[in-house]
Amino acid sequence: MSHAIGFNLLGAMTAHQGNRQIRLGPAKQQCVLAALLIDANRVIPMDALLDRVWHENLPPTGRAVLYSYVARLRQLLHAAGQGGEPADVPAIVRSSGGYMARVYLSQVDLHRFRSLVVSARSFASDPAAACERYRTALGLWRGEPLPGLTGPWVEAVRESLSAERTAALMECHAAELRAGRHFTLLPELENVAKDRPHDEVSLRHLMTALHRSGRSAEAVARYDRTRRLLSEELGVDPSPATQELYQELLRATDTHTLDGAGGAASREPAARPCPITRPAQLPSLCRAFTGRDQELRFLDAVLTASPYESGQSRTVLLEGMAGIGKTTLALQWSHRARERFPDGQLYLDLHGSDPHRPPLSSSAALQRCLRHLGVPASLIQGDVDEVAALWRSVVADQRLLLVLDDAASADQVEPLLPGGRGCATLITSRGRLDRLAVRHDVHPLTVPNLPPDKATDLLTALVGPSRTDAEPEAAALLAEACGGLPYAFQVLAIRLQRRPREPLSATVAQLERTSPLDLLRTGASGSTSVRALLDTSFEALPSEARRAFPSLGTLSAAPFRAEEFAARAKCTPLEAQDILSALAEEHLLDDRGSHTYAASALVRSYARTVGRAASSAHPPSNNEATTVACRQGS
């Protein structure tokens, strides 16, 4: 690349080869090149290119003039690239009805700037390294972008690029404050505040630097001056973030928290509402975990991908039937990946399927999150939309992991989703919250039943290899009875651990005399049981689905079609389709597509139990059916 050609767009538009400047011709010809370089390596359709250069002032011979400009630019680039490797020489190529600038992005200062900013953002936990990259990126700017070029497109680009520079500068200042460089940063912050008197981000940076330099009174005075300016010129008050910083400064001044030498207090205010403590709220892990390698890889790919490079949402919804291990999977991954989230990990149980507690409201959940991040209660005011906006502002620049366990609905979850791209969110739910995938690009992942080989591994992990190795056939039969449902294995393990000297074959013999549901329970009341777990899913069904649910117990293990279920449930095929869809949404069925479904052995056994209760001499109501089902075998 000794003959590499470089292009500058962040200031006067120039092209150079080493120390030699390349003349780019008249302004409109430069505009053609700028239009292609800003979208380097992408085809710009002919009409779009004409609009960028001339907009409504396109001359009758505009296309011919454009062809001549492209030809001249090609000649310039070809002549400048003489002696270099062909692949290294920028070129303008015709493709798919338009033109494209084929160039290494490192040869264009705008794309180097953007790459450095992306790199800086990835060093959130190392502010000194982030500062170095931000400063290198900002050093590429030589003035106003594209001076001398005119037109609506150029004006829009100039405004957009200036906004990118301002955003990078604000992020750089925040990183330098985190790195403790408040004193050396003060002169620059003074100049920025003078140039941007209404900008509260730069004001908060300046207030923080003044306070940390022992000049809290000046920081308070800066706030008062800006507050008056905003009120008189714009008719608004400072934002909650600025007001909170102001209150922190007042408290620091009133309580003499500055040290005697005039240094900053040990508890220094940040430039925005940020965690006073770093939350680390992940619950403890389940001791036995296996069979989820594929799901863990999926979570790695989505939740730890660089959001600035991939552009994809970093939110995953783990869905599946009750007891399938959604929470266990979420916590296993979260503990493994927590170092990737240096600003902390928040965990919320939303109680979406808890029969003893109502679902946590969005408002209550937001308040908890903000309190756990150190936001004073006095700032957490307004309706749910206002509090959600505050939540998004607080976490906008953080690398935070949010685990929302047992969600009831999309309505409950939507206000809790962070807006910042540095955060990752992991949601678990028994239901299919399809609206989240549609409106927020959430990635759904259905957690399946464990396959037979992994099921046996889980049983071994729970009861010990000495017992399963001594009776491998009995172990396999017990694993099969659990139907690949991890919760069922946990319940069975408790039963087996309380009978350490009893052979596994004795439990298998019991299984041959009764239903698996009667075996998979503990305690005198059977409250800890697979049956009680399935009760909660049954109760969540619509009334028609509850009425027809026992018909599942009359079907075989083979997949069945909606028409077959309709005949068993004595309803029309259309009604059957609605019922089966409701069952599938609760993950009581596996939807195989083409109106074909399958039910696990445990679900079919449970359906038979519900059916027996419903057909008893004094049949209970739908709400009572599961209670009767639980009592049978107690």
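Thresholds, definitions, all that
- Residues numbered from 1 in each chain as written.
- Predicted model: local features only at pLDDT ≥ 70, side-chain atom pairs only at ≥ 80, totals over all residues.
- Heavy atoms only, no water.
- Pairing = 2+ DSSP bridges.
- Helix = DSSP H or I, 4+ residues; strand = E, 2+ residues; numbered from the N terminus.
- Contact = heavy atoms within 4.5 Å.
- Axes fitted to C-alpha atoms, helices over the stretch in contact; angles between N-to-C directions.
- Buried < 20%, exposed > 50% of the residue type's maximum accessible area, 1.4 Å probe, protein only.
- Core = buried A, V, L, I, M, F, W, Y, C linked by side-chain atoms within 4.5 Å.
- Expected span 1.5 Å × (residues − 1).
- Parallel < 35°, antiparallel > 145°, perpendicular 65-115°, else oblique.
- Nonpolar A, V, L, I, M, F, W, Y, C, P; charged D, E, K, R; others polar.
- Polar contact = N/O pair within 3.5 Å; in protein donor to acceptor, adjacent residues only side chain to side chain.
- pLDDT = per-residue confidence, 0-100.
- Phe/Tyr/Trp six-rings, centres within 6.5 Å; stacked < 30°, edge-to-face > 60°.
- Lys NZ or Arg CZ within 6 Å of the ring centre and 35° of its normal.

Peer 1: For this particular structure, what's the right way to read the sheet that holds strand β5 (residues 91-95)?
Peer 2: What holds strands together in a sheet is hydrogen bonding between their backbones, with the strands either parallel or antiparallel. One open sheet holds the three strands; their spatial order is β4-β6-β5, and the pairing between them is antiparallel. On the outer flanks of this sheet lie β4 (44-45) and β5, each paired with one strand and no other. As judged from the five bridges shared by β5 and strand β6 (residues 98-102), these two strands associate in the antiparallel manner. Each residue of the ladder has a partner; that of Ile92, found in β6, is Ala101. On the sheet, helix α1 (residues 27-38) packs against β4, β5 and β6 and is oriented at approximately 70 degrees with respect to β6.

Peer 1: How should I be thinking about the pairing of strand β8 (residues 345-349) in this particular structure?
Peer 2: Burial analysis of β8 places four of its five residues in the buried class, the great majority of the element. Two elements, β8 and strand β9 (residues 401-405), share five bridges in a ladder whose sense is parallel. Residue pairing for β9: Leu346 is matched across the bridge by Leu402.

Peer 1: I tried to follow the nonpolar core on my own but got confused; where do I start?
Peer 2: Soluble globular proteins tend to pack their nonpolar side chains together in the buried interior. Leu318, Trp333, Phe549, Leu552, Phe565 and Leu583 are the most contacted members of the largest nonpolar core, which has 73 residues in total. The residues touching Leu583, leaving out its near neighbours within four places in the chain, are Leu541, Phe549, Leu552, Leu588 and Leu589. By size, the runner-up hydrophobic cluster in this structure holds 57 residues, among which are Ala80, Phe113, Ala137 and Trp141.

Peer 1: Help me out: how do you make sense of helix α5 (residues 127-138) in this one?
Peer 2: Helical periodicity: at 3.6 residues per turn, an α-helix aligns residues three or four positions apart in one direction. With 12 residues, α5 should reach 16 Å at 1.5 Å per residue; the first-to-last C-alpha distance of 16 Å fits that figure. All of the buried residues along α5 are Pro127, Ala129, Ala130, Cys131, Tyr134, Ala137 and Leu138. As for α5, its buried residues are in contact with α4 (109-121) and α6 (152-178).

Peer 1: What should I look at first to understand the packing of helix α24 (residues 530-539) against helix α28 (residues 601-614) in this one?
Peer 2: Packed helix pairs are specified by the crossing angle of their axes together with the interaxial distance, meaning the distance between the axes. Contact geometry of α24 with α28 gives a least axis separation of 11 Å together with a crossing angle of 80 degrees. Overall, the two elements α24 and α28 adopt an arrangement that is roughly perpendicular. Mapping the contact onto sequence places Val530, Arg531, Leu534, Asp535 and Phe538 in α24 and Leu602, Tyr606, Thr609 and Val610 in α28. Looking at the contact of α24 with α28 residue by residue, the class counts come to six nonpolar, one polar and two charged.

Peer 1: So what exactly am I meant to see when it comes to the side chain of Gln29 here?
Peer 2: Looking at the secondary structure, you find Gln29 in helix α1. Within the structure, the side chain of Gln29 is placed 3.0 Å from the backbone oxygen of Leu24, a separation counted as a polar contact. For Gln29, the contacting residues outside a window of four places in its chain are Leu24, Tyr69, Arg72, Leu73 and Leu76.

Peer 1: Can you help me understand helix α27 (residues 573-585) in this one?
Peer 2: The first and last C-alpha atoms of α27 sit 18 Å apart over 13 residues, in line with the 18 Å expected at 1.5 Å per residue. Those residues of α27 lying buried are Ala576, Gln577, Ile579, Leu580, Ala582, Leu583 and Ala584. Packing partners of the buried residues in α27 comprise α25 (543-548), β14 (560-561), α26 (562-569), β15 (590-593) and β16 (596-598). A positive phi of about 60 degrees marks His587, the residue just after α27.

Peer 1: What am I meant to see in the confidence of the model for the protein chain here?
Peer 2: One rule of thumb: low pLDDT means the predicted coordinates there are not for detailed reading. Averaged over every residue, the pLDDT of the protein chain is 85; residues scoring 70 or more account for 90%. With pLDDT under 50 throughout, residues 255-276 is counted as low confidence; its partners more than four residues away or in other chains account for 47 contacts. Predicted confidence for residues 617-634 stays below pLDDT 50, and this span has 34 contacts to residues more than four positions away or in other chains.

Peer 1: Any chance you could explain the packing of aromatic side chains here in plain terms?
Peer 2: One pair of aromatic rings is described through two measures. These are the centre distance and the angle between the planes. The tally for this structure, following the rule as stated, stands at nine aromatic pairs. For the pair Tyr223 and Tyr246, a centre-to-centre distance of 3.9 Å together with 15 degrees between the ring planes defines the contact as stacked. Here the residue Tyr223 occupies a position in helix α9 (residues 216-233), and Tyr246 occupies one in helix α10 (residues 240-254), the gap between them amounting to 23 residues. Of the two residues, Tyr223 and Tyr246, neither departs from the other in class, the shared state being buried. Among the aromatic residues, those joined into a cluster by ring pairs are Phe538, Phe549 and Tyr606. Here the guanidinium or amino end of Arg94 rests over the ring plane of Tyr99, the centre of that ring lying 5.1 Å away. Over the ring of Phe123 we find Arg133; its NZ or CZ atom is 4.0 Å from the centre of that ring.

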